[in-house]
Amino acid sequence: MDIKNISDLLRNSIGSSKIKTSEEFLLSYSYDATGIKKNPDIVAFPENESDISNILKIASKFKIPVTPRGGGVGYSGGSVPVQGGIVMAFSKMNRILKFDEKNLLIEAEPGVITGRIIDICESRGLFYPPDPASLKNSTIGGNVSENAGGPRCFKYGVTSDYVMAVEGFLMNGEKVKFGSYSIKDVSGYDIKKLIVGSEGTLIVISKIVLKVIPKPESRILIRVEFNSLKAGADFIMKIIRFNLSPSVLEFIDKTSLDAVNKYLRTENERDTKSIVILELDGSSGDVNNKLKSLKRLALESGVNDIKIADNTAEMEELWSIRRNLSPAISNLKPKKINEDIAVPIGKVSDTIEYISGLADEYDMCIVMFGHLGDGNIHTNIMIDPADKRELENSKIILDKIFKYVVSVKGTISGEHGIGLSKKEYLGYQYSKTEIDIFRKIKSVFDPDNLLNPGKIF
Ligand SMILES: Cc1cc2nc3c(=O)[nH]c(=O)nc-3n(C[C@H](O)[C@H](O)[C@H](O)COP(=O)(O)OP(=O)(O)OC[C@H]3O[C@@H](n4cnc5c(N)ncnc54)[C@H](O)[C@@H]3O)c2cc1C
């Protein structure tokens, strides 16, 4: 059956306003933050569970691929419909279904924007910690599917630590639910954990139950500057060893800092070569005690400058370098190859040095920053794709970096997922037998390989 007939069937089934096939819709739902593009044939906007089920039943019957999509700000091509077919976009399923303050639980549809969940919790004296930097555009469905992390994850954990239960649909349109509303739950296999981070390849998620926690009484943000890369990375190791458990532990290298200074038209007055941004939270007494220890560790590490903020305006000011990083580094070269490797924390410093060495050896611009407390180093190889030398070198460097992280028992992706952009490297981390197990698991959920096909492996 051709696409015209499929779209007619879908319109008859769930209503014509929820099905789009015009060029501008196909284009708008063809890419994510990687810039990889492929037009779908149809964009469907389910408004409730029965719409999801009906779309999937039709797609399944006529063997049409379906790619779920949240905010479309993924960094691995996960929501790009590489095999065409239907993009199922969740912008109309964006309701918070229940805020259960007694049980500290939220029931949400997948299209709720992450930042809205964080803000609603904040307004009720509660706290939802996972805070990807994309939180103003990403959805909770996308976060669950990628098991998103963020600056606060060092202390508070990643999305999977807050998902109590998921509900959704198999590719054949049948409803399933995994997990429970209880903190302890060991009945059956932990399929909920398998679905979190499965990149939209196992089920279409229709409802998520999240755990929230009480908001810490006090919070301060600290920016510490060093005049060597190593001093900054070593300071981070001291913070971890000393058990100061900051709620944010972010690292910025000199190339990133120079890019932000250029972008904001500011100066690097103290010749700073690395910056560590930390947030301490807890009771006021606890925060003050930790701050004293932190200052001492900073002095021992040869600190260049230290700034402390305890109100929103000052925090905004201290956070400005980190917040402006993405647009600033995009100004350095036309293309950014954005990787999110993660290594055991004891290997962070060596890994940063290894990658800076590669940048020098190949005369390339590599920008590093990220959530170093959990070993997650955002590594951006900046290139001009029209420059053959840079293009070739970026491939060699990428290959070396992935081999290196696997050799130190790290991972090729800490939080962005494999999707399309890293699937050719999955074999560096897993054997053929192991990848075959992934394939078999997928076929249990989706035997015809129609749900988000072409991703991960
Ligand atoms: C500037 C910027 C900063 C970022 N910072 C971070 C960061 O700090 N930490 C981090 O972890 N990531 C970060 N990311 C990556 C990205 O934002 C996250 O991966 C986020 O979770 C993607 O959410 P999304 O709603 O845009 O999902 P999409 O990109 O739309 O989709 C991501 C995946 O989820 C699947 N999916 C979406 N909805 C559903 C559903 N209902 N059912 C089943 N599958 C579904 C899709 O098929 C796809 O495979 C950043 C991205 C950008 C552009």
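Residues numbered from 1 in each chain as written. Predicted model: local features only at pLDDT ≥ 70, side-chain atom pairs only at ≥ 80, totals over all residues. Heavy atoms only, no water.

Visitor: Break down helix 13 (residues 348-362) for me, citing the residues and quoting the values.
Guide: Taking 1.5 Å per residue as the helical rise, helix 13 with its 15 residues ought to reach 21 Å, and the 21 Å between its terminal C-alpha atoms agrees with that figure. Every buried residue belonging to helix 13 is among V348, S349, T351, I352, I355, L358, A359 and Y362, and all of these are buried. Where the residues of helix 13 are buried, they touch helix 8 (229-241), strand 13 (248-253), strand 16 (335-342), strand 17 (365-371), strand 18 (376-383) and helix 14 (388-407). Downstream of helix 13 by a residue or two, D363 has a phi angle that is positive, lying close to 50°. (Helix = DSSP H or I, 4+ residues; strand = E, 2+ residues; numbered from the N terminus. Expected span 1.5 Å × (residues − 1). Buried < 20%, exposed > 50% of the residue type's maximum accessible area, 1.4 Å probe, protein only. Contact = heavy atoms within 4.5 Å.)

Visitor: Outline the layout of surface pockets, supporting the account with residue identities and numerical values.
Guide: Its volume calculated, the second largest pocket comes out at about 620 Å³. As for the second largest pocket, its lining consists of 27 residues, and the residues nearest its centre are G197, S198, E199, F438 and I456. Elements with a contribution of two residues or more to the lining of the second largest pocket: helix 7 (191-195), helix 15 (426-429) and helix 16 (432-445). For the lining of the second largest pocket, the per-class residue count stands at 12 nonpolar, 10 polar and five charged. (1 Å grid on protein atoms, 1.4 Å probe; cavity = no way out; pocket = protein on both sides within 12 Å on 5 of 7 lines; lining within 4 Å. Points joined across faces, edges and corners; volume = space filled by probe spheres on them. Nonpolar A, V, L, I, M, F, W, Y, C, P; charged D, E, K, R; others polar.)

Visitor: Break down the site of the ligand for me, with residues and values.
Guide: The full set close to the ligand counts 35 residues, and P68, G71, V73, S134 and T139 are the nearest of them. Contact between the ligand and T139: an oxygen atom at 2.7 Å from a side-chain N or O atom of the residue. In the environment of the ligand, an oxygen atom lies 3.2 Å from a nitrogen or oxygen atom belonging to the side chain of N452. In isolation the ligand offers 980 Å² of accessible surface; the protein chains occlude 94% of this area. The set of elements that each furnish at least two residues to the shell around the ligand consists of strand 3 (66-69), helix 5 (140-146) and strand 10 (204-211). The element best represented in the shell around the ligand is helix 5, accounting for five residues. By residue class, the composition of the shell around the ligand is 12 nonpolar, 19 polar and four charged. Per-domain counts for the shell around the ligand show at least three residues from each of domain 1 (3-89) and domain 2 (96-214). (Near = heavy atom within 4 Å. Polar contact = N/O pair within 3.5 Å; in protein donor to acceptor, adjacent residues only side chain to side chain. Areas by Shrake-Rupley, 256 points an atom, 1.4 Å probe, with all protein chains shown as cover. Domains from an automatic or database assignment.)

Visitor: Explain the sheet that holds strand 14 (residues 274-282) to me, and be specific about the residues and the numbers.
Guide: If you trace the seven strands from one edge of the open sheet to the other, you get 15-12-14-13-17-18-16, paired in antiparallel fashion. Taken across any chain shown, the strands that pair with only one partner, and hence form the sheet edges, are strand 15 (303-309) and strand 16. Here the average twist between neighbouring strands, direction ignored, is 15°. As paired strands, strand 17 and strand 18 are joined by seven bridges and run antiparallel to one another. Across the sheet, the residue bridging to F369 is H378, located in strand 18. (Pairing = 2+ DSSP bridges. Axes fitted to C-alpha atoms, helices over the stretch in contact; angles between N-to-C directions.)

None of this, on its own, says anything about what the molecule does.
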